[in-house]
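Listed below are the residues making up each chain.
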Amino acid sequence: QVQLVESGGGSVQAGGSLRLSCAASRSIFNINVMGWYRQAPGEQRELAASITSGGNTYYKDSMKGRFTISRDNPKNTVYLQMNNLKPEDSAVYYCYAQDRHGANVYTYWGQGTQVTVSS
């Protein structure tokens, strides 16, 4: 089991920045993937960004060049730096961790943090 605690959400104007943090209750070194999903009202939850244990990163196309995900293993924390925020980025952002063992995938979720971007 791993608990994920998120922080860093808030309200900003378009063009502003936020940095989301996700602190895990134990070492994240061997967790295959960590990142954030986001969910806007009335929409499905979508993968925003992720980083693997090997350092490979993924970003949703609309976020490329604006968002940066990073990992600080000694602090058991991943960060999502969000720059040049747009109203379309408004959503609840859920930190997640996926631990894969063979065909089994174990997914853990943070409590979610609200990001609101005004025009």
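Our structure's up above, just so we're on the same page.
Residues numbered from 1 in each chain as written. Predicted model: local features only at pLDDT ≥ 70, side-chain atom pairs only at ≥ 80, totals over all residues. Heavy atoms only, no water.

Details of the overall build of the protein chain
So, point 1. Broken down by element type, the protein chain carries zero helices and eleven strands.
So, point 2. In the protein chain, the order of α-helices and β-strands from amino to carboxyl end is β-β-β-β-β-β-β-β-β-β-β.
So, point 3. Radius of gyration (C-alpha) of the protein chain: 14 Å, near the 14 Å computed for a compact globule of 119 residues.
So, point 4. Along the first, second and third principal axes, the C-alpha atoms of the protein chain reach 45 × 30 × 25 Å.
So, point 5. In the protein chain, which comprises 119 residues, the share counted as buried stands at 42%.
So, point 6. Considering only contacts in the protein chain between residues 6 or more positions apart, those separated by 24 or more positions represent 54%.
So, point 7. For the protein chain, the exposed area adds up to about 6,200 Å²; of that, 45% sits on carbon and sulfur atoms.
So, point 8. Side chains of the protein chain carry 11 positive and 8 negative charges; the gap between the two charge centres is 4 Å. (Helix = DSSP H or I, 4+ residues; strand = E, 2+ residues; numbered from the N terminus. Rg over C-alpha atoms; globule rule 2.2 N^0.38 Å. Buried < 20%, exposed > 50% of the residue type's maximum accessible area, 1.4 Å probe, protein only. Contact = heavy atoms within 4.5 Å. Areas by Shrake-Rupley, 256 points an atom, 1.4 Å probe, with all protein chains shown as cover. Lys, Arg positive; Asp, Glu negative; His and termini not counted. Charge placed at Lys NZ, Arg CZ, Asp CG, Glu CD.)

Details of the state of the cysteines
So, point 1. Scanning all chains against the criterion turns up one disulfide.
So, point 2. The side chain of C22 participates in a disulfide bridge whose partner is C95; the two sulfur atoms lie 1.9 Å from each other. Sign of the S-S torsion, about -85 degrees for the bond between C22 and C95, identifies this disulfide as left-handed. Of this pair, C22 sits in strand β3 (residues 18-24) while C95 is found in strand β9 (residues 91-101), placing the two residues 73 residues apart along the sequence. Neither residue differs from the other here; C22 and C95 are each classed as buried. (Disulfide = S-S within 2.5 Å.)

Side note on the pattern of salt bridges
So, point 1. Using the criterion set out here, one finds five salt bridges in the structure.
So, point 2. The residue K64 makes a salt bridge to D61 at a minimum N-O spacing of 3.0 Å. With respect to class, K64 is no different from D61; both count as exposed.
So, point 3. Salt-bridge contacts for D89 lead to R66; the nearest nitrogen and oxygen are separated by 2.7 Å. Residue D89 is found in the loop between β8 (77-82) and β9, and its partner R66 is found in the loop between β6 (57-59) and β7 (67-72); the two are separated by 23 residues along the sequence. (Salt bridge = Lys/Arg side-chain N within 4 Å of Asp/Glu carboxyl O.)

Section: the nonpolar core
So, point 1. Counting residues in hydrophobic clusters, the biggest one holds 30 residues, and the most contacted among them are L4, M34, W36, L80, M82 and Y93.
So, point 2. Secondary-structure elements contributing two or more residues to this core are β3, β4 (33-39), β5 (46-52), β7, β8, β9 and β11 (113-118).
So, point 3. Here L80 is in contact with L18, R19, L20, W36, A49, F67, T68, I69 and Y93, once residues within four sequence places are set aside. (Core = buried A, V, L, I, M, F, W, Y, C linked by side-chain atoms within 4.5 Å.)

What about the pairing of β7?
So, point 1. In this structure, β7 lies alongside β8, joined through six bridges in antiparallel fashion. Each bridged residue has a counterpart across the sheet, and for D72 the counterpart in β8 is T77.
So, point 2. Counted along the chain from β7 to the antiparallel partner β8, the turn is four residues long, and its residue N76 has a positive phi close to 55 degrees. (Pairing = 2+ DSSP bridges.)

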